[in-house]
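# Examining the three-dimensional arrangement
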Amino acid sequence: MKLGVVGLPNVGKSTLFNAITHAGAECANYPFCTIEPNVGVVAVPDERLQVLGKLYNTKQITPAVIEFVDIAGLVKGASQGEGLGNKFLANIRETDAIVHVVRCFEDENITHVDNSINPVRDIETINLELVLADIESVKRRLDKSLNMVKTGDKKYKIEAEFYQRLLDHLSAFKPARTLEVNEDEQLLLKDLFLISAKPVIYTANICENDMGKDPSTLPLVKKLIEFAESENSKHLVICAKTEEELSVLSPEEQQMFLTELGEKESGLNRLIKTSYELLGLISYLTAGEKEVRAWTIEKGTKAPQAAGKIHTDFEKGFIRAEIVDYDTLVELGSFNACKEKGKVRSEGKNYVIVDGDVVLFRFNV
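So, here is what we can say about the structure in this document. It should be emphasised that the depicted structure is a prediction, and the values quoted were computed from it without experimental measurement.

## Considerations on the pattern of salt bridges
Throughout the structure, instances matching the rule amount to 18 salt bridges. Measuring nitrogen to oxygen at the nearest pair gives 3.3 Å for the salt bridge that ties Glu289 to Lys59. With Glu289 in the loop between strand 8 (281-287) and strand 9 (292-298) and Lys59 in the loop between helix 2 (47-56) and strand 3 (61-62), this residue pair connects regions lying 230 residues apart in the sequence. By the burial criterion, Glu289 is exposed, and Lys59 matches it. Between Lys273 and Glu265 there is a salt bridge whose closest N-O contact spans 3.1 Å. On the accessibility criterion, Lys273 (32% relative accessible area) is partly exposed. One continuous salt-bridge network, built from bridges that share partners, spans Arg320, Glu322, Lys339 and Arg362.

## Considerations on the sheet that holds strand 1 (residues 2-6)
As summarised here, the arrangement of the 6 strands in space is 2-4-1-5-6-7, forming an open sheet in which the pairing is mixed. Both outer strands of the open sheet, strand 2 (38-43) and strand 7 (234-238), are each paired with one neighbouring strand and no more. Neighbour-to-neighbour, the strand axes of this sheet turn through a mean angle of 25°, independent of strand direction. Across the sheet, helix 10 (residues 267-278) lies against strand 1, strand 2, strand 4 (65-70), strand 5 (97-103), strand 6 (200-205) and strand 7, angled at about 175° from strand 7, the strand it touches most.

## Things to note about the layout of surface pockets
Counted as a void, the largest pocket has a volume near 750 Å³. In terms of lining residues, the largest pocket is bounded by 21 residues, among which Asp96, Lys190, Ala197, Pro199 and Leu279 are the most central. Top contributing element to the lining of the largest pocket by residue count: helix 6 (residues 183-192), with 3 residues. For the lining of the largest pocket, the per-class residue count stands at 11 nonpolar, 3 polar and 7 charged.

## Regarding the packing of aromatic side chains
Note on aromatic pairs: each is described by the distance of the centres and the angle between the planes. By the definition in use, this model includes 6 aromatic pairs. Considering the side-chain rings of Tyr202 and Phe227, the 5.7 Å spacing of their centres and the 85° angle between planes classify their relative orientation as edge-to-face. Taken as a pair, Tyr202 in strand 6 and Phe227 in helix 7 (residues 219-230) lie far apart in primary sequence, 25 residues in all. With a relative accessible area of 0%, Tyr202 lands in the buried category. Plain terms: the ring middles of Phe318 and Phe361 are 6.4 Å apart, the flat faces sit at 65° to each other, and that makes the pair edge-to-face. On the criterion of sequence distance, the pair formed by Phe318 in strand 10 (residues 318-325) and Phe361 in strand 12 (residues 357-363) is long-range, its members being 43 residues apart.

Cut-offs used in this document
Residues numbered from 1 in each chain as written. Predicted model: local features only at pLDDT ≥ 70, side-chain atom pairs only at ≥ 80, totals over all residues. Heavy atoms only, no water. Salt bridge = Lys/Arg side-chain N within 4 Å of Asp/Glu carboxyl O. Helix = DSSP H or I, 4+ residues; strand = E, 2+ residues; numbered from the N terminus. Buried < 20%, exposed > 50% of the residue type's maximum accessible area, 1.4 Å probe, protein only. Pairing = 2+ DSSP bridges. Axes fitted to C-alpha atoms, helices over the stretch in contact; angles between N-to-C directions. Contact = heavy atoms within 4.5 Å. 1 Å grid on protein atoms, 1.4 Å probe; cavity = no way out; pocket = protein on both sides within 12 Å on 5 of 7 lines; lining within 4 Å. Points joined across faces, edges and corners; volume = space filled by probe spheres on them. Nonpolar A, V, L, I, M, F, W, Y, C, P; charged D, E, K, R; others polar. Phe/Tyr/Trp six-rings, centres within 6.5 Å; stacked < 30°, edge-to-face > 60°.

Right, here's the structure in full:
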């Protein structure tokens, strides 16, 4: 899974990225400080792994991971190649979802490309550039379908009608993700690989003094939340500067710091968990003395395809999956104890894996 961290210049993208990845992306008070995309891979927080690790006295714990890409700041005209627009659009096209960092704090020492703080305007600046880039893609596909309509195949007429509706939607400066589509149209939309169709987490970057406050009492944050909800997108409130400070502390120090701030978990953990929700992902677990591991799959994945995540041979030669849910395994203390109590289920090819399933696959090559 790859998430693109985007936003206007000087909104806190690279600061947040530093906190996420410890990769040391350069931060500076001028546009285009980030030129080549910085890439970092981070672990998905999952307390269950540590518990299973102790239970099995395992040699290795391997969490699921997310790849974050810190992408160069965007400016008006990017869809026509202004600033680093072409790089931005190419890099963001390769991601699965967008973490859109939006400045929701005042600081006279940090310049803003538009010389004022307005979260909705900033969001619309980036959304507009993504939409403009997508319009060109849809126009090309529409022209192709209209030419094929002449063959008399009804399929192309249906496609052309959808592409025209999509083009009208984009031409009203609305992202593709906000267009209502049926199941067949969803397949056509997915095949276009449009940037503005990617799911988004609008991330309000606030100052340290606003941490712990009710978001509804922060005017800038309130505007961002209202905008996100208007298009059914996810939203988060984070102080990138504090997250960066947290990232260099030990786990124990982090917890003390968070307790002082009145927070249960870091903003970064919330961001990662929200990313999983956004993309409809879950984790199933495998456990043994050699390794305890989390495997990322989409909700609705059946057992053979989940087995294929470990190795293609597991899917090809799938026989069955022996499954116990995490809570039961922890309660009874071992897989064998669960078997004795009749708590281990034998599931076949049509079983849909559930988050937290601890699985042992049986296969034959």
